Amino acid sequence: MPNFSPFRKAVLNLRANPQSFLSRRPLSSQTSSSSTNTINQKFIIGAGLAISVPTYLYLTRARLDYQPDTVPDKVNSDVPDQVRSSQSGNGKQIAKISARDVLDKKDSNEFWVVINGDVYNVTEFLDEHPGGREIIESNKSKDVSYIFNPRHPSDQLNNENLPPSVKHLGKLEINNEEEKEKLKLNISKSETDEKELIKKKREEFEEKGLGQIINMRDFEKHAEELCSKVAWGYYASAADDEITKESNNSDYKKIRFRPRVLRPVKEVDSSTKILGYDSTIPLWISPAAMAKLGHPDGEVNLTKGAAATGIIQCISSFASCSVEEITAARTNNQPLFFQLYVNSKRHLAKEVISKINRLGFNAILLTVDAPVGGKRERDIRVKGEFEAPKSDAYDKQGDTKGVAEAIFSAVDPDLNWKDLKWIREQTKLPIIIKGVQTVEDAVLAYKYGADGVVLSNHGGRQLDTSATGISTLLEIRKHAPFLLRPEYRIPHGPSKELIKNPDLLVPTTPINEKPLDRKFSIFVDGGIWRGTDVVKALCLGAEAVGVGRGFLFAQTVGGVDGTIHAVKIFESEIQLAMRLLGVNKLSDLRPSMVEIVEN
Ligand SMILES: Cc1cc2nc3c(=O)[nH]c(=O)nc-3n(C[C@H](O)[C@H](O)[C@H](O)COP(=O)(O)O)c2cc1C
């Protein structure tokens, strides 16, 4: 075969397999049993993406990651039903292990822990533990369920999911109060106090309920009070000085509307299609790891909330609920997208993708802005607060980096454009490249056959002071407008055509504007807190936007109901903005409806 450029090869491949690029499958509210947050505060914090990588590791068979630390209220209680039934349902006799045996192992070379009433020997797993071996070593012979559960899928300890290096020994048997006490983890006073405070704050919050939340920032404010410092540190944190995180939102403030008046706006429709799937608003739930840190039901809250309101959720590779739990919670035909990190061991990556295909996900968002984790200082500081800070603080940070690196050891830092072809061969799902931050890379994404891009900087959590999603969209408008739908290639601000024909609301698309040879979607995320932000991004040519922290906070505060409430807030704000802008439908939004404020 002649030595074609990668682009040419991709085009030839497209010609040979048109379906591989184009194939698309057409397409109750409840409150959590326990709304009290029971998160612990001390665990290894990753300067990288997530400290815990349950779903990802689960999918790649290198799972079971826990950071044991604090005290369960009751020993051998709160065992999730799934765990009980899956482990006792095969008819086999399950061994009973006495608490005394577990406690006696403390002085031996073996490392035993108790999780949800079961005893595990994790000696051989120590070096595989993504969070490092130290944390297991320091919680030897303890019941670690209290910290394990909020961070892991409840089916992670099922027989078929256990890594071979973890031995399930049997059911725990406790004979007296003394044994029970000894199995408890040591809990610091600050942790107990925090737990009590969160309980009190939640009771206060529940007196007034979700009615007191009238915008997305209200969720943020209450979430800070209703979750642990560790959860808050993880969710709120961003890289270095958090300048990009701040700019993500402040860049929207530099865009002004140019509303048209005396237009009939009684009827307004904020629904759209995203990659061919219906959505009541042009907004999806961005993939964000570890939702269980904020609420015991985690990502499943978002799945149910998305179903109830008709929006799309994208599941993180690092979700704290398993993809099975999430897909089981999904309603018939509910679209779900999956966010993918590619494992350096390609056979494992292949397994992940085939599972995503099998479970009926509808699109893959391939995250590319995190070949390694960013430096999240809030995470590091929270750790310092709960373990007496030492003079070797810098080493501590080194430790943390080590954890992040351990986690990312599974993610391929050498992933490159040519690998897209391989990913394309594994799935017929649309592939959207998430984390594009320059016009050049948006062009490459198109050239290498992606179905679209998310202009994103990972919520400011990766390279600080990098471009924002909305500023990258402006860059594309300037330097590669051909990537946009033809009607969005016109300049923003006052339109010559509309000044000549002011009765028109939207300028007509010039007839010489050719569409791309295939559909290419542009999405934006980062710093979207208001319906007006959403509408601005759409005026400038985005097809839809993603919201990360907003939904993490909403589910932290109110579980499924909180998620539904958040969607309703966005929906009403989007519709209000549309009415005040003088438009009835999203497809009428145009660049002429906004202008950029130059400083
Ligand atoms: C706590 C947290 C965890 C995240 N985890 C992931 C992840 O696992 N994969 C991913 O692609 N993006 C992840 N992101 C980035 C989001 O998908 C999204 O790009 C970002 O949150 C958008 O910014 P916003 O939080 O201002 O809405 C995470 C973001 C946060 C805040």
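These lines cover the structure that appears in this document, whether it is placed above or below. Since this is a predicted model, take the numbers as computed values, not measurements.

A tally of regular secondary structure across the protein gives 23 helices and 16 strands. Within the protein, buried positions represent 58% of all 599 residues. Total accessible area on the protein is roughly 24,900 Å²; 51% of this is exposed by carbon and sulfur atoms.

Burial within strand β14 (residues 521-525) is extensive, with 5 of its 5 residues counted as buried. Where burial is concerned, the two faces of β14 agree: the one with Ser521, Phe523 and Asp525 and the one with Ile522 and Val524 are both buried. Pairing geometry for strand β13 (residues 452-455) and β14, over 4 bridges, is parallel. The partner of Val453 across the bridge, within β14, is Ile522. The pairing of β14 with strand β15 (residues 544-547) spans 3 bridges and is classified as parallel.

Viewed as axis vectors pointing N to C, helix α19 (residues 439-447) and helix α20 (residues 469-479) meet at an angle of 75°, and their least axial separation amounts to 9 Å. With respect to α20, the axis of α19 lies roughly perpendicular. Touching Val439, Glu440 and Ala442 of α19 are Thr472, Glu475, Ile476 and His479, all from α20. Residue composition of the contact of α19 with α20, grouped by class: 3 nonpolar, 2 polar and 2 charged.

In space, the 8 strands of this closed barrel follow the order β8-β9-β10-β11-β12-β13-β14-β15, with parallel pairing throughout. Along the sheet, successive strands turn relative to each other by an average axial angle of 30°, direction set aside. Here strand β8 (residues 283-285) pairs with strand β9 (residues 312-315) via 2 bridges, running parallel. The partner of Trp284 across the bridge, within β9, is Ile312. Its contacts with the sheet place helix α23 (residues 549-581) against β8 and β15, and it is angled at close to 160° to β8.

Take the sheet that holds strand β3 (residues 118-121) next. The strand order across the open sheet formed by 4 strands is β1-β4-β3-β2, and the pairing between neighbours is mixed. Two strands close off the open sheet at either side, each with one partner strand: β1 (96-98) and β2 (112-115). Ignoring which end each strand starts from, the neighbouring axes of this sheet average 45° apart. Across 4 bridges, β3 lies against strand β4 (residues 167-173) in antiparallel orientation. Residue pairing in the sheet places Val119 in a bridge with Gly170 of β4.

Near the ligand you find 22 residues, and of these Pro287, Ser316, Thr367, Asp525 and Gly548 are the closest. Lys434 places a polar side-chain atom, nitrogen or oxygen, 3.0 Å from an oxygen atom of the ligand. One of the side-chain N or O atoms of Asp525 is found 2.6 Å from an oxygen atom in the ligand. For the shell around the ligand, the secondary structure elements donating two or more residues are α11 (229-236) and α23.

Another point: the packing of aromatic side chains. Per the stated rule, a full pass over the model turns up 12 aromatic pairs. For the ring pair Tyr277 and Phe337, a centre distance of 6.4 Å and an interplane angle of 65° mean the geometry is edge-to-face. Within this pair, whereas Tyr277 is found in strand β7 (residues 277-279), its partner Phe337 is found in strand β10 (residues 336-340), the two being separated by 60 residues in sequence. In this structure, Tyr277 and Phe337 share a single accessibility class: buried. Judged by centre distance (5.3 Å) and plane angle (80°), the ring pair of Tyr446 and Phe520 falls under edge-to-face. Of this pair, Tyr446 sits in helix α19 while Phe520 sits in the loop between α21 (496-500) and β14, placing them 74 residues apart in sequence. In this pair, the class of Tyr446 matches that of Phe520, namely buried. An aromatic cluster is defined as three or more aromatic residues linked by ring pairs; in this entry it consists of Trp232, Tyr234, Tyr235, Trp529 and Phe553. For Lys140, the ring lying beneath its charged end belongs to Phe111, and the centroid distance is 4.4 Å. We note Arg590 situated over the ring of Tyr488; from NZ or CZ to the ring centre the distance is 5.2 Å.

Basis of the calculations
Residues numbered from 1 in each chain as written. Predicted model: local features only at pLDDT ≥ 70, side-chain atom pairs only at ≥ 80, totals over all residues. Heavy atoms only, no water. Helix = DSSP H or I, 4+ residues; strand = E, 2+ residues; numbered from the N terminus. Buried < 20%, exposed > 50% of the residue type's maximum accessible area, 1.4 Å probe, protein only. Areas by Shrake-Rupley, 256 points an atom, 1.4 Å probe, with all protein chains shown as cover. Pairing = 2+ DSSP bridges. Axes fitted to C-alpha atoms, helices over the stretch in contact; angles between N-to-C directions. Parallel < 35°, antiparallel > 145°, perpendicular 65-115°, else oblique. Contact = heavy atoms within 4.5 Å. Nonpolar A, V, L, I, M, F, W, Y, C, P; charged D, E, K, R; others polar. Near = heavy atom within 4 Å. Polar contact = N/O pair within 3.5 Å; in protein donor to acceptor, adjacent residues only side chain to side chain. Phe/Tyr/Trp six-rings, centres within 6.5 Å; stacked < 30°, edge-to-face > 60°. Lys NZ or Arg CZ within 6 Å of the ring centre and 35° of its normal.

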